[in-house]
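Residues per chain are reported as follows:
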Amino acid sequence: MMHMHKYEKWWLTLGTSSLVLFLVILGISAFHQGHEPPSAKAYVDPERVDEYKPFNEPGLHKVEGKDWDYELVFVASAFLL
């Protein structure tokens, strides 16, 4: 069995406890605010993405009646060769 110094045990306990506390607070706040993981109800075919709204009109658009003034729509890709 490996011998650990008393202060090393305290720091490991403090670090692990801090991480657990952070994750618990984050989880409770996300649950309390009603955050949910995204659902897979909508599917966009990547070959025909330019046919789906709002991606059929990319750009910066002024939005009326919302909490924000403008909406930016663009199509990006990752790992494209």
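Definitions and cut-offs
- Each chain has its residues counted from 1, running along the sequence as written.
- For a predicted model such as this one, the threshold for reporting local features is a pLDDT of at least 70, and the threshold for listing and counting side-chain atom pairs is 80 or more; totals across whole chains, interfaces and linings nevertheless cover every residue.
- Each side-chain value is worked out from all heavy atoms of the structure, with water and hydrogens disregarded.
- What counts as a helix is a DSSP run of H or I of at least four residues, what counts as a strand is a run of E of at least two, and both are numbered from the N terminus.
- Two N or O atoms count as a polar contact when they lie within 3.5 Å, although within protein this holds only if one can serve as hydrogen donor and the other as acceptor, and sequence-adjacent residues are included solely when both atoms are side-chain atoms.
- The salt bridge criterion pairs a side-chain nitrogen of Lys or Arg with a carboxyl oxygen of Asp or Glu, the two atoms within 4 Å.

**Some points on unusual backbone geometry**
Note: most peptide bonds trans; most residues except glycine with negative phi.
Then, in step 1: Here the amide bond leading from Lys-53 into Pro-54 is cis, since omega sits at 5 degrees, within 30 degrees of zero.
Then, in step 2: Relative to the helices and strands, Pro-54 is located in the loop between helix 1 (6-32) and strand 1 (59-62).

**Examining the environment of Ser-29**
Then, in step 1: Looking at the secondary structure, you find Ser-29 in helix 1.
Then, in step 2: For Ser-29 and Leu-60, which are 31 residues apart along the polypeptide, the C-alpha to C-alpha distance reads 33 Å.
Then, in step 3: Here Leu-26 takes part through its backbone oxygen, which lies 3.0 Å from a polar atom of the side chain of Ser-29.

**Remarks on the pattern of salt bridges**
Then, in step 1: Tallying each qualifying case throughout the model produces one salt bridge.
Then, in step 2: Taking the shortest distance from any N to any O, the salt bridge between Glu-51 and Arg-48 comes out at 3.0 Å.

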